[in-house]
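Survey of secondary and tertiary structure
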Amino acid sequence: MPLNTEPNFHEAGRRYFQAYSPGDDFYELLINTHRDLSDAQSAQLNARLILLLANHIGDIAVLREALRAARDGV
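Residues numbered from 1 in each chain as written. Predicted model: local features only at pLDDT ≥ 70, side-chain atom pairs only at ≥ 80, totals over all residues. Heavy atoms only, no water.

1. Observations concerning the overall build of the chain
Scanning the chain from N- to C-terminus turns up three helices and zero strands. Written out in order from the N terminus, the α and β elements of the chain read α-α-α. Rg of the C-alpha trace for the chain: 14 Å, well past the compact-globule value of 11 Å for 74 residues, more than 25% over. With the principal axes as the frame, the chain shows a C-alpha extent of 35 × 35 × 25 Å. The buried share of the chain, taken over its 74 residues, is 8%. Total accessible area computed for the chain in this model is approximately 6800 Å², and 57% of it derives from carbon and sulfur atoms. Charged side chains of the chain number 7 positive and 10 negative; the gap between the two group centres comes to 5 Å. (Helix = DSSP H or I, 4+ residues; strand = E, 2+ residues; numbered from the N terminus. Rg over C-alpha atoms; globule rule 2.2 N^0.38 Å. Buried < 20%, exposed > 50% of the residue type's maximum accessible area, 1.4 Å probe, protein only. Areas by Shrake-Rupley, 256 points an atom, 1.4 Å probe, with all protein chains shown as cover. Lys, Arg positive; Asp, Glu negative; His and termini not counted. Charge placed at Lys NZ, Arg CZ, Asp CG, Glu CD.)

2. Things to note about the layout of surface pockets
Looking at the largest pocket, its volume works out to about 980 Å³. Taken together, 24 residues form the lining of the largest pocket, with Leu3, Phe9, Phe26, Leu53 and Ile57 sitting closest to its centre. At the level of secondary structure, the elements contributing two or more residues to the lining of the largest pocket comprise helix H1 (21–34), helix H2 (39–57) and helix H3 (60–72). Residue composition of the lining of the largest pocket, by class: 19 nonpolar, four polar and one charged. (1 Å grid on protein atoms, 1.4 Å probe; cavity = no way out; pocket = protein on both sides within 12 Å on 5 of 7 lines; lining within 4 Å. Points joined across faces, edges and corners; volume = space filled by probe spheres on them. Nonpolar A, V, L, I, M, F, W, Y, C, P; charged D, E, K, R; others polar.)

Here it is as structure tokens:
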């Protein structure tokens, strides 16, 4: 399975009227999760989130491609 870099946010049973709305929902969740954390706590949260999501994906080829795409964007 190749890395999907197109918008892919959805919630089962929920209809969105604008294509960007689910992405906005995620961004709001992410910002709120970091709220009131120190820089060190925020970095630790990011590291833990990356590991949790990588474990959920579970496909080393997709993870390799994602890491390469992320690095290329820096």
